[in-house]
Amino acid sequence: MRTEGLLAWYAREKRDLPWRRDRDPYRIWISETMLQQTRVEAVRPRYEAFLAALPDVRALAAVPEEALLKLWEGLGYYARARNLRRAAQEIVARGGFPRTAAALRTLPGFGPYTAGAVASIAFGERAAAVDGNVLRVWARLDAVAEDVRSPSARRACEAAVLAAMPPDADPGAYNQALMELGALVCTPRGPKCASCPVASGCCAREEGLEAVLPVRAPAPARAVEAFDVYLILEEGRALVRRRPARGLLAGLWEFPHGEEIARLAQPVREGPPARHVFTHRIWEMRGVYARLLPGAREEIAGREDWAWADAAALRALPMASAMERYRQDVLENGGLTRWTT
């Protein structure tokens, strides 16, 4: 893996991103966590809003979970947010951030990549930070025939990154340069080899394999789940429920669906369809405006996981992106905003 010229290219071409403007480990950690499986364009405004609400690790450690989930709303993978708070509480208890990748790995949510990124960028440790962009760059530079998603490939990539790191380089800048190269030049489709600063040492380009590499095993087919989402409105309020504390979308609010609400409600008219793609499943949903059957109110009364929300409360609740289409329809077409309470 040859990376001569990479740092000079990065100094000229790097994007001006808000998390690159200082070496504050808190800000770097938040940005790296948000950027996992989320596009830079989507993260940038959310990062600014998150830091405005929770400017330091103590604020994050003390925030109530529901307020945290609302701040994270729309970013997905909500376990990331919960792990942020858990790790923040440990950092506060320890009196500050651990300064090495190995020590950071002992905190909730710190995998090899996040630990390496924070340790190298914030504290200057010679640690690898291997994300999908870096894996792709390495696979092409060294013409790697192995599935890059395998644990052995990741370990080999980490070793190659460290071996190629110049002894006098800033480890954080070097790691970010590799990531930036993958994001801007060595892209998944149509890599811009003509403008690549390391093209002369790229085995994939020499062998005509840049469009073939990296190798990835086919992802398993996503399971499709089809169901009705019940939109039940009474006196300017909508019926919502909170998901269980564990599992998919844990602790988030949603409009009820499933056998229980089908037993308690009678459809009145159709609402909109919606589709949401998760990593391992797809929800195919149909909205159904409905009314509760006799006795249903008594059955759900007093249950902490069910609530009636007016327009203001509905906007304030942390809801999964899968339910956003229905929140907007209830507010705009269900007439909820015409009520005053």
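All values derive from a computational prediction rather than experimental measurement. (Residues numbered from 1 in each chain as written. Predicted model: local features only at pLDDT ≥ 70, side-chain atom pairs only at ≥ 80, totals over all residues. Heavy atoms only, no water.)

J.: Give me the pattern of salt bridges: which residues, what numbers.
T.: A side chain of one charge can pair with a side chain of the opposite charge when the charged atoms of the two come close. If you walk through the whole model with that rule in mind, you get 24 salt bridges. With a closest N to O distance of 3.7 Å, E4 and R2 form a salt bridge. Note that R275 and E284 form a salt bridge whose closest N and O atoms lie 2.6 Å from each other. Look at R275 and you get exposed, because its relative accessible area is 52%. For E284, a relative accessible area of 30% translates into the label partly exposed. (Salt bridge = Lys/Arg side-chain N within 4 Å of Asp/Glu carboxyl O. Buried < 20%, exposed > 50% of the residue type's maximum accessible area, 1.4 Å probe, protein only.)

J.: Mind laying out the side chain of E180, listing which residues take part and the relevant values?
T.: Note on placement: E180 falls in helix 11 (residues 171–184). Assessed through its relative accessible area of 0%, E180 is described here as buried. At a separation of 2.7 Å, a polar atom in the side chain of E180 contacts the side chain of R15. In this structure, E180 is in contact with W9, Y10, E13, K14, R15, R20 and V185, ignoring residues within four places of it in sequence. (Helix = DSSP H or I, 4+ residues; strand = E, 2+ residues; numbered from the N terminus. Polar contact = N/O pair within 3.5 Å; in protein donor to acceptor, adjacent residues only side chain to side chain. Contact = heavy atoms within 4.5 Å.)

J.: Residue-level account of the packing of aromatic side chains, with values.
T.: As enumerated under the stated definition, the model contains seven aromatic pairs in all. Ring centres of F227 and W283 lie 5.2 Å apart, and the angle between their planes is 80°; this geometry places the pair in the edge-to-face category. Taken together, the residues span a long stretch of sequence, with F227 in strand 1 (residues 223–234) and W283 in strand 5 (residues 281–292) at a distance of 56 residues. Taking relative accessible area as the criterion, F227 reaches 16% and is therefore assigned buried. Ring geometry for F278 versus W283: centroids 4.9 Å apart, planes at 70°, classification edge-to-face. For F278, a relative accessible area of 13% puts it in the buried group. (Phe/Tyr/Trp six-rings, centres within 6.5 Å; stacked < 30°, edge-to-face > 60°.)

J.: Tell me what's going on with the state of the cysteines, and back it up with residues and numbers.
T.: In total, this model carries zero disulfides according to the counting rule given. Of all cysteine sulfurs, the one in C196 lies closest to C186, which takes part in no disulfide; the gap is 6.3 Å. By relative accessible area, which is 11% here, C186 ends up buried. Looking at the unpaired C193, the closest cysteine sulfur is the one in C202, lying at 6.2 Å. Accessibility expressed as a relative area gives 18% for C193, which makes it buried. (Disulfide = S-S within 2.5 Å.)

J.: Help me get a handle on helix 1 (residues 6–13), residues and values and all.
T.: Taken together, the buried positions of helix 1 are L6, W9 and Y10. The buried residues of helix 1 occupy an angular sector of 100° when the element is viewed end-on, so they sit on one face. Within helix 1, the exposed residues directed more than 90 degrees away from the buried face are A11 and R12. Residues of helix 1 that are buried make contact with helix 11. (Arc of directions from axis to C-beta.)

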